[in-house]
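Structural overview for review
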Amino acid sequence: QVQLVESGGGLVQAGGSLRLSCAASGSTFSINVMGWYRQAPGKQRELVAVIGSGGSTNYADSVKGRFTISRDNAKNTVYLQMNSLKPEDTAVYYCNVDVIYGSGHQYAYWGPGTRVTVSS
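Given the structure is predicted, the values throughout are model-derived calculations rather than measurements. Per chain, residue numbering runs from 1 following the sequence as it is written. This being a predicted model, a pLDDT of at least 70 is required before a residue's local features are given, and a value of 80 or more before pairs of side-chain atoms are given or counted; all residues contribute to the totals for chains, interfaces and linings. Side-chain figures throughout are based on the complete set of non-hydrogen atoms in the structure, without hydrogens or water.

Nonpolar side chains tend to gather and get buried jointly when the protein is soluble and globular. Think of a nonpolar core as a cluster: buried Ala, Val, Leu, Ile, Met, Phe, Trp, Tyr and Cys residues, connected wherever their side-chain atoms sit within 4.5 Å. Accessibility here uses a 1.4 Å probe with only protein chains present; expressed as a share of the type maximum, an area under 20% marks a residue as buried, one over 50% as exposed, and anything in between as partly exposed. Residues Trp 36, Leu 80, Met 82 and Tyr 93 are the most contacted members of the largest nonpolar core, which totals 32 residues. Counting from the N terminus, the helices are DSSP H or I runs at least four residues long and the strands are E runs at least two residues long. Sorting the residues of this core by element identifies strand 1 (2-7), strand 3 (18-26), strand 4 (30-39), strand 5 (46-51), strand 7 (67-72), strand 8 (77-82), strand 9 (91-100) and strand 11 (114-119) as the ones contributing at least two each. Residue contributions to this core peak at five residues, all from strand 9. Beyond its immediate sequence surroundings of up to four residues, Met 82 is in contact with Gly 16, Ser 17, Leu 18, Leu 20, Arg 66, Phe 67, Tyr 93 and Val 116. Any two residues whose heavy atoms approach within 4.5 Å are treated as being in contact.

This part covers the sheet that holds strand 1. Strand pairing in a sheet relies on backbone hydrogen bonds. The paired strands run either parallel or antiparallel. A sheet is described by the order of its strands in space; here four strands give the open sequence 1-3-8-7, paired in antiparallel fashion. Looking at which strands have only one partner, the edges of the open sheet turn out to be strand 1 and strand 7. The sheet shows a mean angle of 15 degrees between the axes of neighbouring strands, taken without regard to direction. Two strands pair if DSSP finds at least two bridges between them. Judged from the six bridges that link them, strand 1 and strand 3 form a sheet pairing that is antiparallel. Bridged to Glu 6 within strand 3 is Cys 22. Every axis corresponds to a line fitted to the C-alpha atoms, with the helix fit spanning only the stretch in contact, and the corresponding angles, defined between N-to-C directions, vary from 0 to 180 degrees.

Glancing now at the pattern of salt bridges. By definition, a salt bridge exists where a carboxyl oxygen of Asp or Glu is found within 4 Å of a side-chain nitrogen of Lys or Arg. Counted according to the given criterion, the structure contains four salt bridges. Among the salt bridges present, the one from Arg 38 reaches Glu 46, with a minimum N-O distance of 2.8 Å. Assessed through its relative accessible area of 37%, Glu 46 is described here as partly exposed. As a salt-bridge pair, Asp 89 and Arg 38 come within 2.9 Å of each other at their nearest N and O atoms.

Structure (structure tokens):
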């Protein structure tokens with residue numbers, strides 16, 4: 001079983017910045033795609049950004065130009081740099097990691113979530 005530990009959430013004023021981190025640990029594995037999702041209390045979980053093993057990225061339209069996803073393969077860690085934050089960015093942010101085991105089996109794991117609150 002792979003464990004994902006998230007950090008970096010908190011309370012910030014509109015226009016401010018936060019950097020989220022998600023580190024994977026556990027059994028021997030390799031990682032393909034990593035991503036960030038978010039969920040507000042009354043809404044469905046939505047994709048924020050994903051990054052492939054080769055560094056290709058994809059962003060939700062609502063965060064393009066403001067958020068940047070990156071990864072450190074040596075640390076099995078994915079980051080989300082969030083700039084120019086808006087109140088509508090308020091949500092619990094979850095990382096998601098596609099893990100490939102030596103057997104060839106592939107699983108997607110979710111982090112526990114870290115709360116981001118952006119005040120007006």
